[in-house]
Amino acid sequence: MSDKTKVADASPSPIDVSTVLQDLPVEVLEHIVSFLPAMSIRNLMVNRTFRQICERILYRSIRLPYTPGRTLHLCKTFVLRPDLALRVQDLDVCLRWYHVSPRRGNREYTLPKFSQKNAKETFTPVEALALAKNVKSFSVRGTAWVPDRGMAPIRELAGGMKLTRLTISTFPTLPNPEPRFDKEIVSYLRAVLQAQPLLEDLELPNFFVVVLTDHAFPSTPVTAPLSEEPSPLVIERSDVPNLRSLTATASVAVSFLPVAPKLEKLSISSWGDQIRYLLPYSEHHGHRIRSLGLRSRLKDFAALGDLVKLLSHFSNVETCIFTVWWWPEDRDIGLRETCLDWVSRDIHFLPLLREFEIYSESGNTLNLKLSEEQMMELKRSCPRLESVIDPSGDIWAYRLMANEEEVFRLRHLGRLSSDQQTLLPDIPSPDLPPKTSSSGIWAIWK
């Protein structure tokens with residue numbers, strides 16, 4: 001046999017890529033697939049092995065926050081495929097259709113019930129969601145499920161889960177809440193919290209304070225007189241034994257700060273003079289907080305006396321995040337300068353600060369941007385500061401100059417990439433009234 005022939009015989013045979021991939025451990029395949037967008041993952045379902053892997057990834061986290069029609073179809077899927085329901089760990093759904101049965105012409109709408117194949121048992125949508133027994137993060141939108149007496153099934157649904165993260169994102173607008181109703185609502189809230197001893201992350205809506213206090217506001221939540229100090233909620237230490245992160249208004253945070261021994265991350269949404277509600281509590285308990293978030297209207301930065309005093313109570317904070325929002329009348333250059341000057345001048349109240357981030361909501365249409373001088377002032381105010389993210393999305397780090405002690409230079413690391421999550425349109429269904437789904441979708445089946 002010639003050398004030429006030997007070389008030809010030694011050449012590798014064509015490799016079947018799909019066979020090689022299938023030979024990889026399942027854990028490795030899952031890790032690879034997890035980096036792909038959802039619309040691409042479905043194209044990998046070419047055989048049973050890949051289908052099982054892709055389903056585990058696709059159903060691990062389900063986010064349908066504004067699509068009640070898709071949520072209803074998800075309930076049907078859970079009934080037909082209970083194994084998929086057990087895969088879900090993060091569930092964010094919209095139940096706008098719950099207990100809504102208006103009439104359209106001569107037809108009355110009622111919620112459908114789903115049955116498994118070859119089985120007589122039927123499931124309501126809420127019962128179908130209860131099949132997801134391994135959910136760790138839960139959020140319900142589109143209905144006020146905590147304060148409403150008729151929402152007991154949803155509260156029982158949440159109570160049956162073993163959650164580490166809970167978002168209560170919808171609360172009713174009551175023109176004149178009465179204390180007797182408020183106490184009932186607080187009891188519902190405490191029942192939900194007591195059913196979750198492992199809860200670590202709790203998010204509450206902006207107007208939570210208007211309903212959950214013993215103070216009767218004479219107007220709607222939007223125009224409620226915030227100058228009148230509400231009574232704190234009656235929350236006990238046993239309600240939140242493992243709470244580590246809280247997102248709430250200043251008026252609500254006062255109820256959790258004294259009783260949550262493990263709380264280390266606090267995000268406050270503030271407007272007007274609400275910050276003053278928190279001052280007596282932050283003075284005694286603020287030293288436990290390591291990450292502080294503040295969301296405020298741009299105009300409110302013009303009167304920062306209470307806010308500056310508040311920062312002095314959180315002297316152990318290592319990460320600080322500011323989020324600025326505005327109304328059209330706030331488009332004033334003076335307000336912008338006041339906001340950014342304050343940030344660079346008075347941040348010294350956080351001597352242990354390592355990471356500082358400032359964002360502007362709805363994009364940076366006000367052209368908020370920290371100058372190089374302001375960022376160097378931040379470093380002088382907070383010697384331990386390591387990185388800054390400015391409102392334009394630029395990421396900056398402080399680099400120690402070689403052969404020079406305590407001389408730093410700014411280094412641009414790049415820009416934040418925008419999260420381009422495509423929200424799918426809702427799925428219409430003739431079984432539900434138009435008002436229970438996204439606007440414009442129901443015209444398809446009229």
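The model shown is predicted, which means the values in this text are computed figures rather than measured ones.

What follows deals with the overall build of the chain. Assigned secondary structure in the chain consists of 16 helices and 17 strands. Counting every position in the chain, which comprises 446 residues, the buried fraction comes to 45%. In the chain, the proportion of contacts linking residues at least 24 apart, taken out of those at least 6 apart, comes to 67%. When the accessible area of the chain is evaluated, it comes to approximately 23,400 Å², of which 52% is carbon and sulfur surface.

Another aspect to go through is the pairing of strand β14 (residues 355-360). Direction of pairing for strand β13 (residues 319-325) relative to β14: parallel, over a ladder of six bridges. Among the inter-strand pairings, threonine 323 is bridged to a residue of β14, identified as tyrosine 359.

Glancing now at the layout of surface pockets. If you add up the space inside the second largest pocket, you get close to 430 Å³. Thr247, Ser267, Ile268, Arg295 and Thr323 are the residues nearest the centre of the second largest pocket, which is lined by 23 residues in total. For the lining of the second largest pocket, the secondary structure elements donating two or more residues are β9 (201-203), β10 (245-249), β11 (265-269), β12 (291-297) and β13. The residue makeup of the lining of the second largest pocket, split by class, is eight nonpolar, nine polar and six charged.

With that settled, the discussion passes to the pattern of salt bridges. What the rule picks out here adds up to 14 salt bridges. Where arginine 56 meets glutamate 30, a salt bridge forms, and the shortest distance between an N and an O atom there is 2.5 Å. Residue arginine 56 is found in helix α5 (residues 48-58), and its partner glutamate 30 is found in helix α3 (residues 26-33); the two are separated by 26 residues along the sequence. Exposure class is identical for arginine 56 and glutamate 30. Each is buried. The salt bridge involving glutamate 55 is made with arginine 51; its shortest N-O contact spans 3.9 Å. Remark: arginine 51 and glutamate 55 occur in helix α5; sequence separation between them is four residues, near one turn of the helix.

Let us look at the side chain of serine 381. Mapped onto the elements, serine 381 comes out in helix α16 (residues 372-381). Setting aside anything within four residues of it in sequence, one finds serine 381 in contact with Ser344, Arg345, Ile347 and His348.

Predicted coordinates in areas of low pLDDT are best not read in detail. The share of residues in the chain with pLDDT of 70 or more is 70%, and the mean pLDDT across the chain is 76. Helix α11 (residues 208-211) is the least confidently modelled element of the chain, averaging 35 in pLDDT, while β9 averages 94, the highest of any element. In the model, residues 101-106 has pLDDT below 50 throughout and makes 12 contacts with residues more than four positions away in sequence or in other chains. Note that residues 436-446 has pLDDT below 50 and, in this model, 33 contacts with residues that lie over four places away or in other chains.

In this section: the packing of aromatic side chains. The full count for this structure, using the stated rule, is two aromatic pairs. With centroids separated by 5.8 Å and ring planes inclined at 55°, the aromatic side chains of phenylalanine 322 and phenylalanine 356 adopt a geometry described as tilted. Of this pair, phenylalanine 322 sits in strand β13 while phenylalanine 356 sits in strand β14, and the two are 34 residues apart along the sequence. The ring of tyrosine 188 has arginine 155 sitting right over it, with the charged end atom 3.9 Å from the ring centre. When the ring centre of phenylalanine 408 is taken as reference, the NZ or CZ atom of lysine 379 above it lies at 4.2 Å.

Counting 96 residues, the largest nonpolar core has Phe78, Phe138, Trp145, Leu246, Phe256, Phe356 and Leu378 as its most contacted members. Residues in contact with phenylalanine 78, not counting those within four places in the same chain, are Tyr59, Ile62, Ala85, Val88, Ala128, Leu129, Leu131 and Ala132. Residues Val33, Ile53, Cys54 and Ile57 belong to the second largest nonpolar core, which totals six residues.

The residue isoleucine 347 is located in the loop between α15 (333-346) and β14 in this model. Each C-alpha atom of the pair isoleucine 347 and leucine 311 lies 8.1 Å from the other, and the pair is 36 residues apart in sequence. Filtering out sequence-adjacent residues up to four positions away, isoleucine 347 remains in contact with Phe322, Trp342, Leu353, Phe356, Leu378, Ser381 and Cys382.

What follows covers α3. Listed in full, the buried residues belonging to α3 are Leu29, Glu30 and Val33. Buried residues of α3, seen end-on, are gathered within an arc of 100° and therefore sit on one face of the element. Residues Glu27 and His31 are exposed on α3 and point more than 90 degrees away from its buried face.

The next thing to look at is the packing of α3 against α5. The geometry of α3 relative to α5 is characterised by a closest axis approach of 10 Å and an angle of 55° between their N-to-C directions. In this view, α3 runs oblique relative to α5, as classed from their interaxial angle. Remark: the crossing between α3 and α5 carries right-handed chirality. Facing α3, whose interface residues are Val26, Leu29, Glu30 and Val33, α5 presents Ile53, Cys54, Arg56 and Ile57. Looking at side-chain class alone, the contact of α3 with α5 contains six nonpolar, no polar and two charged residues.

Okay, the environment of leucine 36 next. Structurally, the position occupied by leucine 36 is in the loop between α3 and α4 (38-41). Measuring from C-alpha to C-alpha, the distance between leucine 36 and isoleucine 57 comes to 9.7 Å, with 21 residues separating the pair along the chain. With residues near it in sequence (within four places) discarded, leucine 36 still touches Ile41 and Leu44.

Now for helix α9 (residues 152-159). Among all positions in α9, only Ile154, Arg155, Leu157 and Ala158 are buried. The arc that holds every buried residue of α9, seen down its axis, measures 155°, which confines them to one face.

Mapped onto the elements, tryptophan 396 comes out in strand β16 (residues 394-400). Given the relative accessible area of 18%, tryptophan 396 is considered buried. If we ignore the near neighbours within four places in the chain, the residues touching tryptophan 396 are Met375, Glu386, Ser387, Val388, Asp390, Leu410, Arg411 and His412.

Definitions and cut-offs
- Residues numbered from 1 in each chain as written.
- Predicted model: local features only at pLDDT ≥ 70, side-chain atom pairs only at ≥ 80, totals over all residues.
- Heavy atoms only, no water.
- Helix = DSSP H or I, 4+ residues; strand = E, 2+ residues; numbered from the N terminus.
- Buried < 20%, exposed > 50% of the residue type's maximum accessible area, 1.4 Å probe, protein only.
- Contact = heavy atoms within 4.5 Å.
- Areas by Shrake-Rupley, 256 points an atom, 1.4 Å probe, with all protein chains shown as cover.
- Pairing = 2+ DSSP bridges.
- 1 Å grid on protein atoms, 1.4 Å probe; cavity = no way out; pocket = protein on both sides within 12 Å on 5 of 7 lines; lining within 4 Å.
- Points joined across faces, edges and corners; volume = space filled by probe spheres on them.
- Nonpolar A, V, L, I, M, F, W, Y, C, P; charged D, E, K, R; others polar.
- Salt bridge = Lys/Arg side-chain N within 4 Å of Asp/Glu carboxyl O.
- pLDDT = per-residue confidence, 0-100.
- Phe/Tyr/Trp six-rings, centres within 6.5 Å; stacked < 30°, edge-to-face > 60°.
- Lys NZ or Arg CZ within 6 Å of the ring centre and 35° of its normal.
- Core = buried A, V, L, I, M, F, W, Y, C linked by side-chain atoms within 4.5 Å.
- Arc of directions from axis to C-beta.
- Axes fitted to C-alpha atoms, helices over the stretch in contact; angles between N-to-C directions.
- Parallel < 35°, antiparallel > 145°, perpendicular 65-115°, else oblique.
- Left-handed = near helix turned anticlockwise from the far one by under 90°.

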